[in-house]
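Descriptive analysis of the structure
The primary structure of each chain is shown beneath.
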Amino acid sequence: MSHAGDEAIDNQPSSIIEVRGLCNRFGRHVVHENLDLDLYKGEILGVVGGSGTGKSVLLRSIVGLNRPSAGSIRVFGKDLDELSDVQRSETEQRFGVLFQRGALFTSLNLVQNIALPLIEHCDLSRSDAEELARMKLALTGLPADSALKYPSELSGGMVKRAALARSLAMDPEILFLDEPTAGLDPIGAAAFDRLIVTLRDALGLTVFLVTHDLDTLYTSCNRVAVLSQKKVLVADHIEKVAKTDDPWVQEYFHGPRGRAASYAFRAQDQSRLRE
């Protein structure tokens, strides 16, 4: 079976993010201990794990919102801790982040939400920033009349797309998605999964995706990383990950929902082959 972008990943494995020996401690509570992980250029990496394994903490550590207790994080070949404040800010502007609940400003309409980082960081006029913001909204499949709506006026799926549009505002090279399909109905979640793959291919993005959605893993991700025992237990193609001899992995991938997601993906794969 093939996943979108697999050929590029296999032929040119180039680490765009390297996490080595990462430790995250909060008081006496240890979330990560000597965690290693690579994110390869052009891939969609799905990050999964049981409750409390620190999926979101890992994402926040990489994007600079959480300072690790120990270890190193290299992005674009540079150790983030060794950069000056200006250099670090420039590097972080190459990230796009979609937070779990969207994190849109409720007092701003959509076009204002997306224009804000363009005005702040790119020294654009408000009219130019808002024109670009409308383009980003269109890129995520939102209708033109949504631009003047406020977050409270949107469905859950539209909020996700609006938050995605804002994460794309600065033309990032790496997109970080924290549970992007959480709370969406199956049809909306499937459409969002397809959108992420399309945007990755069209814009040349690399995607770090925290999820619990098995359908997302099968249809969108080139590799899957499982967080367990305070580290990355395994990071590989989903078929290999599913064979890992670990109780959580076996229950997750081979329980009823895992079997259903695997069956649906295989059926789609066979349908594509027949076409």
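The structure under discussion appears in the preceding block.
Fair warning: this is a prediction, and the values are worked out from it, not measured in the lab. (Residues numbered from 1 in each chain as written. Predicted model: local features only at pLDDT ≥ 70, side-chain atom pairs only at ≥ 80, totals over all residues. Heavy atoms only, no water.)

1. Here's the deal with the pattern of salt bridges
The following threshold applies: Salt bridges, as used here, are contacts in which a Lys or Arg side-chain nitrogen is within 4 Å of a carboxyl oxygen on Asp or Glu. Helix and strand assignments come from DSSP, with helices taken as H or I runs of at least 4 residues and strands as E runs of at least 2, each series counted from the N terminus. Partly exposed describes any residue whose relative accessible area lies between the buried limit of under 20% and the exposed limit of over 50%, with all areas from a 1.4 Å probe on protein chains only and scaled to the type maximum.
Taken as a whole and judged by the stated rule, the model has 10 salt bridges. With its nearest N and O atoms 3.5 Å apart, the salt bridge here joins Arg88 to Asp81. Ionic pairing is found between Asp171 and Lys136, a salt bridge with its closest N-O pair at 2.5 Å. In this pair, Asp171 sits in the loop between α6 (156-167) and β7 (174-178) while Lys136 sits in helix α5 (residues 126-139), placing the two residues 35 residues apart along the sequence. According to the relative accessible area criterion, Asp171 is exposed, its value standing at 57%.

2. Describing the environment of Thr211
For clarity, the cut-off: Contact criterion: two residues are considered in contact whenever any of their non-hydrogen atoms come within 4.5 Å of each other. Distance and chemistry together define a polar contact, namely a pair of N or O atoms within 3.5 Å, with one atom able to donate a hydrogen and the other to accept it when in protein, and with adjacent residues in sequence counting only for side-chain atoms on both sides.
Among the secondary structure elements, Thr211 is positioned in the loop between β8 (206-210) and α8 (214-220). Note on Thr211: relative accessible area 1%, which makes it buried. Placed 156 residues apart in sequence, Thr211 and Lys55 show a C-alpha to C-alpha distance of 8.6 Å. With sequence-adjacent residues up to four places away left out, Thr211 is seen in contact with Val47, Val48, Glu179, Thr181, Thr216 and Leu217. Within polar-contact distance, the side chain of Thr211 engages the backbone nitrogen of Asp213 at 2.9 Å.

3. Comments concerning the environment of Lys243
Here Lys243 lies in the loop between α9 (238-241) and α10 (247-254). The sequence separation of Lys243 and His254 amounts to 11 residues, and the corresponding C-alpha distance is 9.4 Å.

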